[in-house]
Amino acid sequence: MPDAAAPQPAALPPVDRSIADLRIRVAGWRSEGRSVSLVPTMGALHAGHVELVRAAAADGARVVVSIFVNPTQFAPTEDFSAYPRNEERDLAALSGIADAVFAPTVGEMYPPGFATTVSLAGPALGLETEFRPNHFAGVATVVAKLLLAALPDRALFGEKDYQQLLVVRRMVRDLAIPVDIVGVPTIREADGLALSSRNAYLSPEERQVAPELHRALVIAAAAIRAGGLAVTALAEARQTLNDRGFDVDYVELRDAGSLGEVTDRAAPLRLLAAARLGRTRLIDNIPV
Ligand code: AMP
């Protein structure tokens, strides 16, 4: 006989594969008077994603997590086919914390003849775009489609992808999409490395070196805060990273609100970096 008092494992969240099914589910929640939060992800979930999902549920909202490895945000040279996928594990990670998962096929999100893309400027200019020119157009287009599919009250994004967060914020403002965009601080390993699905690509030796990216940002931010010249602090960070074996794409200081060049050192600033370690591209950022 099963022990009736034993705690039962939380059930896996139900999965919708089509926009139509997701809309029926969300309409049911709406008819119960519940608010709705959306957490867009590409799966391979880790504690950073879980933090977003927990924050999404904070005020009693129903939470839908989307899992979709979006082909249009990868360049042909990037890791779209190698990107880690494990739906079973992801659903287990979401049991008890998400109310539903939206895991559409590529065909559902990009039906034959798909010809529409969100065109971006403002915070999408520079930084990542210099190295991944079509990345944010792919992100913004799929996020717009996910928002229109779920029509949530709130959607949550990690500060880990700070430029993405600002691009999405700008887009919903510009297109008057009625959703609050909520940013969630970066979850890190004990040694400072920002959690990322791509950390799985790191060799044991690279994993030892990877936290140097965050460390270099912390040191540069401290120097800038202490009144040091930003150009010097940034050059030192790049040099340190090169010396440690990184191939640096950028280390930049930007206005935290617009990601434009710094014109007012008293305004909130953000240090952002991207660097490759072997075949793994790492990004990180911190406030100054
Ligand atoms: P991804 O699956 O990489 O597209 O990420 C899905 C969402 O989780 C994005 O909003 C990311 O910014 C966020 N995210 C990824 N890693 C972290 C992290 N370490 N801390 C907080 N949020 C994160």
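Cut-offs used in this document
Residues numbered from 1 in each chain as written. Predicted model: local features only at pLDDT ≥ 70, side-chain atom pairs only at ≥ 80, totals over all residues. Heavy atoms only, no water. Near = heavy atom within 4 Å. Polar contact = N/O pair within 3.5 Å; in protein donor to acceptor, adjacent residues only side chain to side chain. Areas by Shrake-Rupley, 256 points an atom, 1.4 Å probe, with all protein chains shown as cover. Helix = DSSP H or I, 4+ residues; strand = E, 2+ residues; numbered from the N terminus. Nonpolar A, V, L, I, M, F, W, Y, C, P; charged D, E, K, R; others polar. Core = buried A, V, L, I, M, F, W, Y, C linked by side-chain atoms within 4.5 Å. Buried < 20%, exposed > 50% of the residue type's maximum accessible area, 1.4 Å probe, protein only. Contact = heavy atoms within 4.5 Å.

Caption draft 1: Local environment of the site of the ligand. Near the ligand, the surroundings consist of 17 residues, among which Met 42, Gly 158, Asp 161, Ile 187 and Leu 195 are the closest. Here Asp 161 contributes a side-chain N or O atom positioned 2.6 Å from an oxygen atom of the ligand. Within the backbone of Leu 195, a nitrogen or oxygen atom sits 2.9 Å from a nitrogen atom of the ligand. For the ligand, whose unbound accessible area comes to 480 Å², protein coverage reaches 92%. Secondary structure elements with two or more residues in the shell around the ligand: β2 (36-41), α2 (47-56) and β5 (154-158). Residue composition of the shell around the ligand, grouped by class: eight nonpolar, seven polar and two charged.

Caption draft 2: Molecular detail of the nonpolar core. Val 64, Met 109, Val 143, Leu 147 and Ile 181 are the most contacted members of the largest nonpolar core, which totals 34 residues. Of all the elements in the fold, those that place two or more residues in this core are α1 (19-31), β2, β4 (100-102), α6 (135-150), β5 and α7 (162-174). Looking at which element gives the most residues to this core, the answer is α6, with 10 residues. Not counting chain neighbours up to four residues away, the residues in contact with Val 143 comprise Phe 157, Val 168 and Met 171. Counting 25 residues, the second-largest nonpolar core is a separate cluster that includes Leu 202, Ala 220, Ile 224 and Leu 269.

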